[in-house]
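Residue strings, one per chain:
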Amino acid sequence: MLYGDLGRIPIYYEAIIKALKYWVRIRKLPETHLAKITYMSLLKLHELGYKTWVTDIWNLLREFKLVDLWHDQELYIDIKAHIYMIYQTNWVATLLNHDLYPIMRTYRLIKTDFILEPYMRIKDYQARKAITKLRMSSHDLFIEKGRHTKPLKTPVEQRICRYCNRNEVEDEVHFLIRCDYYEGARNKLLRDIEAPTESGWTDVDLFLWLLNNRCPDILTKVGKFIWSGFKLRTNVV
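Predicted model only: the values in this text are computed from it and were never measured.

### Observations concerning the overall build of the protein
Then step 1. Per the secondary structure count, the protein includes 13 helices and zero strands.
Then step 2. Reading the protein from its N end, one meets helices and strands in the order α-α-α-α-α-α-α-α-α-α-α-α-α.
Then step 3. When the backbone C-alpha atoms are referred to their principal axes, the protein occupies close to 75 × 45 × 35 Å.
Then step 4. Out of the 237 residues belonging to the protein, those deemed buried represent 38%.
Then step 5. Within the protein, contacts between residues separated by at least 24 positions form 57% of all contacts whose residues are at least 6 apart in sequence.

Below, the structure is given as structure tokens:
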């Protein structure tokens, strides 16, 4: 999830891109170049069944569906763009896998594009951290704590908020939009940022507007509200 909000791929993939680009450059060197001579020796050992650096390159080409580069030295493929596309495709598939990754239930509501999210640019560290924790479901709301109760995890529908009388599951939307425990601070926040009051808006609409806002000042105030809410819960517990 964090890579998605940063709009970046893991450094592991960056290393693969550099390795493959280096391999392409080596293959185009003159036959008398020392690096090319070394490469040809490693290639022969690879062909004889020994594991070498060339073997690792071959495995990467197969993994990332770039085997055509092995067979055609003149073929041009934008390796960086190709691997970025594969990572992003896998990222989307992970995002949409409801059964395998239930923790991403709220993130699926919020995240639509593989880009750097505006909240990552706000200067207030606590506010930025608070928004990150809420978006990533890295918090102590009972929707998450219930996953770790012993001896059995608490069923989702029984992870009820203990801070208000609404008898609702304490998830991220409940915490940010509905829980009466934070009503005073929430009302002040909504007034300060001039939040939309359209009658047709649902709680989820407001939730998305708050977390996907592009205004740094609004995001900072939302982050501070989340941070203070987390602290308030901790002090009560």
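On we go from here.
### Section: the packing of helix α2 (residues 11–27) against helix α6 (residues 79–96)
Then step 1. Put simply, α2 and α6 touch, their axes get as near as 10 Å, and they point 150 degrees apart. Taken together, the axes of α2 and α6 lie roughly antiparallel to each other. α6 is crossed by α2, and the crossing has right-handed handedness. Residues Tyr13, Glu14, Ile16, Ile17, Leu20, Lys21 and Val24 of α2 form the contact with α6, whose participating residues are Ile79, Lys80, Ile83, Tyr84 and Tyr87.
Then step 2. Partitioned by chemical class, the residues of the contact of α2 with α6 number nine nonpolar, no polar and three charged.

### Some remarks on the nonpolar core
Then step 1. Formed by 59 residues in total, the largest nonpolar core has its most connected members in Leu20, Leu134, Leu176, Leu211 and Ile226.
Then step 2. Apart from residues no more than four positions distant in its own chain, leucine 20 is found in contact with Ile57, Leu60, Leu61, Leu66, Ile79 and Ile83.

### Digging into the confidence of the model for the protein
Detailed reading of the predicted coordinates is not advisable wherever pLDDT is low.
Then step 1. Per-residue confidence for the protein gives a mean pLDDT of 92; residues scoring 70 or more make up 99%.
Then step 2. Confidence, read as mean pLDDT per element, is least for helix α1 (residues 2–6) in the protein (86) and greatest for helix α4 (residues 53–63) (97).

### Overview of α4
Then step 1. Within α4, the full set of buried residues consists of Val54, Thr55, Ile57, Leu60 and Leu61.
Then step 2. Its buried side turned inward, α4 meets α2, α3 (34–47) and α5 (67–71).
Then step 3. Structurally, the start of α4 carries an N-cap: the backbone nitrogen of valine 54 is 3.1 Å from a side-chain oxygen of threonine 52.
Then step 4. Positive phi appears at lysine 65, one or two residues downstream of α4, with a value of about 55 degrees.

### Topic: the packing of aromatic side chains
We describe a pair of aromatic rings using the distance from one ring centre to the other and the angle between the two ring planes.
Then step 1. Considering all chains together, one arrives at 13 aromatic pairs under this definition.
Then step 2. For the ring pair phenylalanine 175 and phenylalanine 230, a centre distance of 5.2 Å and an interplane angle of 25 degrees mean the geometry is stacked. Here phenylalanine 175, found in helix α10 (residues 172–178), pairs with phenylalanine 230, found in helix α13 (residues 216–236); they are 55 residues apart in sequence, far enough to count as distant. For the residue pair phenylalanine 175 and phenylalanine 230, the accessibility class agrees, reading buried in each case.
Then step 3. What links up through ring pairs into an aromatic cluster is the set Tyr12, Tyr13, Phe64, Tyr87, Trp91 and Phe114.
Then step 4. Its guanidinium or amino end placed over the ring of phenylalanine 142, arginine 162 lies 4.3 Å from that ring's centre, counting from NZ or CZ.

### Quick look at the packing of α2 against α4
Then step 1. Look at α2 against α4: their axes get within 11 Å of each other, and the N-to-C directions meet at 115 degrees. Taken together, α2 and α4 sit at an angle that is classed as roughly perpendicular. Handedness of the α2/α4 crossing: left-handed. Across the interface between the two elements, Tyr12, Ile16, Ala19, Leu20, Tyr22, Trp23 and Ile26 of α2 pack against Trp53, Ile57, Leu60, Leu61 and Glu63 of α4.
Then step 2. Grouping the amino acids of the contact of α2 with α4 by side-chain chemistry returns 11 nonpolar, no polar and one charged.

### Concerning the side chain of aspartate 5
Then step 1. The residue aspartate 5 is located in helix α1 in this model.
Then step 2. Among the polar contacts listed, one links the side chain of aspartate 5 to the side chain of arginine 135, at a separation of 2.7 Å.
Then step 3. Ignoring anything within four residues of it in the chain, the contact list for aspartate 5 reads Tyr107, Lys111, Ile115, Leu116, Glu117, Tyr119, Met120, Arg135 and Met136.

Cut-offs and rules
- Residues numbered from 1 in each chain as written.
- Predicted model: local features only at pLDDT ≥ 70, side-chain atom pairs only at ≥ 80, totals over all residues.
- Heavy atoms only, no water.
- Helix = DSSP H or I, 4+ residues; strand = E, 2+ residues; numbered from the N terminus.
- Buried < 20%, exposed > 50% of the residue type's maximum accessible area, 1.4 Å probe, protein only.
- Contact = heavy atoms within 4.5 Å.
- Axes fitted to C-alpha atoms, helices over the stretch in contact; angles between N-to-C directions.
- Parallel < 35°, antiparallel > 145°, perpendicular 65-115°, else oblique.
- Left-handed = near helix turned anticlockwise from the far one by under 90°.
- Nonpolar A, V, L, I, M, F, W, Y, C, P; charged D, E, K, R; others polar.
- Core = buried A, V, L, I, M, F, W, Y, C linked by side-chain atoms within 4.5 Å.
- pLDDT = per-residue confidence, 0-100.
- Polar contact = N/O pair within 3.5 Å; in protein donor to acceptor, adjacent residues only side chain to side chain.
- Phe/Tyr/Trp six-rings, centres within 6.5 Å; stacked < 30°, edge-to-face > 60°.
- Lys NZ or Arg CZ within 6 Å of the ring centre and 35° of its normal.

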